[in-house]
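Structural description and commentary
Spelled out, the chains give:
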Amino acid sequence: MMQALRPLLQTATGPAARPAWRALLALLVLVITWLALVPEPPRGVSTGWDKSNHALAFASLAFAAVWALWREPRQWPRLVAWLLAYGVGIEIAQYFDPPRSADWHDVVADAVGIALGLLACWPVRRLVTP
């Protein structure tokens, strides 16, 4: 069954799809930044637990970033560094935003999400790489 998915996955993750992945990544960064900095995010976009919100957001960022920019696993440490810096930047901004608060546990949840996003990329990458 996985072999049957190979052509579809190659199309969805190939060079021609890179602009779409980059647009999705930019949109994710904008939406996540907005959700992180508004005084009270809309309730409908929450999983119900702040840490799972962070993990889901950063898993999505990592997954999209792999196909948009950093396809090679040897590049993934740089991706992790950038995404963690983004997460720390959000926490610093929230420290200065009175209704919000900074929490280092959020950065841990971000790291878990990044790991999950990269783990989701691994089997896809193995299928599409000849």
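As a reminder, the structure under discussion sits directly above these lines.
So, a few notes on the structure that sits alongside this text. (Residues numbered from 1 in each chain as written. Predicted model: local features only at pLDDT ≥ 70, side-chain atom pairs only at ≥ 80, totals over all residues. Heavy atoms only, no water.)

Some thoughts on the overall build of the chain
Rule in force here: Helix and strand definitions follow DSSP, with helices as H or I runs of at least four residues and strands as E runs of at least two, each counted in order from the N terminus. The cut-offs for exposure are 20% and 50% of the maximum accessible area for each residue type, with area from a 1.4 Å probe on protein chains only; residues under the lower value are buried, those over the upper are exposed, and the others partly exposed. Throughout, a contact is declared for two residues whenever any of their heavy atoms are within 4.5 Å. The method behind every accessible area is Shrake-Rupley, applied with a 1.4 Å probe, and residues are considered shielded solely by the protein chains displayed. In this charge count, Lys and Arg are treated as positive and Asp and Glu as negative; neither His nor the chain ends contribute. Here the site of a charge means atom NZ of a Lys, CZ of an Arg, CG of an Asp or CD of a Glu.
Of regular secondary structure, the chain possesses five helices and zero strands. Going residue by residue from the N terminus, the α and β elements of the chain occur as α-α-α-α-α. Counting only C-alpha atoms, the chain reaches 50 × 30 × 25 Å along its principal axes. Here the chain, with 130 residues, has 36% of them falling under the buried criterion. The long-range share in the chain, meaning contacts at least 24 apart out of those at least 6 apart in sequence, stands at 74%. Of the roughly 7900 Å² of accessible surface on the chain, 72% is carried by carbon and sulfur atoms. Taking the average location of the 11 positive side-chain charges in the chain and that of its 8 negative ones, the two points are 18 Å from each other.

A few points about helix α5 (residues 104-128)
Residue pairs three or four apart in sequence face the same way in an α-helix, which turns once every 3.6 residues. To keep things clear, this is the line we draw: Multiplying one less than the number of residues by 1.5 Å gives the expected span of a helix.
For α5, which comprises 25 residues, the first-to-last C-alpha distance of 36 Å matches the rise-based estimate of 36 Å (1.5 Å per residue) to within 8%. D106, A109, D110, G113, I114, G117, L118, C121, V124, R125, L127 and V128 are the residues of α5 that are buried.

Some points on the packing of helix α2 (residues 18-37) against helix α3 (residues 50-68)
Threshold: Only C-alpha atoms enter the line fits that serve as axes; for helices the fit covers just the stretch in contact. Angles between N-to-C directions range over 0 to 180 degrees. The labels follow the angle: roughly parallel below 35 degrees, roughly antiparallel above 145, roughly perpendicular from 65 to 115, and oblique for the rest. Crossing handedness is read from the near helix: turned anticlockwise from the far helix by less than a right angle, it gives a left-handed crossing, and turned clockwise, a right-handed one. Under the convention adopted here, Pro, Cys and the residues Ala, Val, Leu, Ile, Met, Phe, Trp and Tyr are nonpolar, Asp, Glu, Lys and Arg are charged, and Gly plus all remaining residues are polar.
Between α2 and α3, whose axes approach to 8 Å, the crossing angle comes to 155°. In this view, α2 runs roughly antiparallel relative to α3, as classed from their interaxial angle. Like other packed secondary-structure pairs, α2 and α3 cross with a definite hand, here left-handed. Across the interface between the two elements, R18, W21, R22, L24, L25, L28, V29 and I32 of α2 pack against A57, S60, L61, F63, A64, A65, W67 and A68 of α3. Its residues placed into classes, the contact of α2 with α3 shows 13 nonpolar, one polar and two charged.

Thoughts on the nonpolar core
One recurring pattern in soluble globular proteins: nonpolar side chains tend to sit buried together. Just so we agree on the cut-off: Remark: nonpolar core denotes a set of buried residues (Ala, Val, Leu, Ile, Met, Phe, Trp, Tyr, Cys) joined through side-chain atoms within 4.5 Å.
Counting 28 residues, the largest nonpolar core has I32, F58, L61, V66, L79, L83 and L118 as its most contacted members. Taken together, the elements giving at least two residues each to this core come down to α2, α3, α4 (76-95) and α5. Residue contributions to this core peak at nine residues, all from α3. V66 has contacts with R71, W76, L79, L118 and C121, leaving out every residue within four places of it along the chain.

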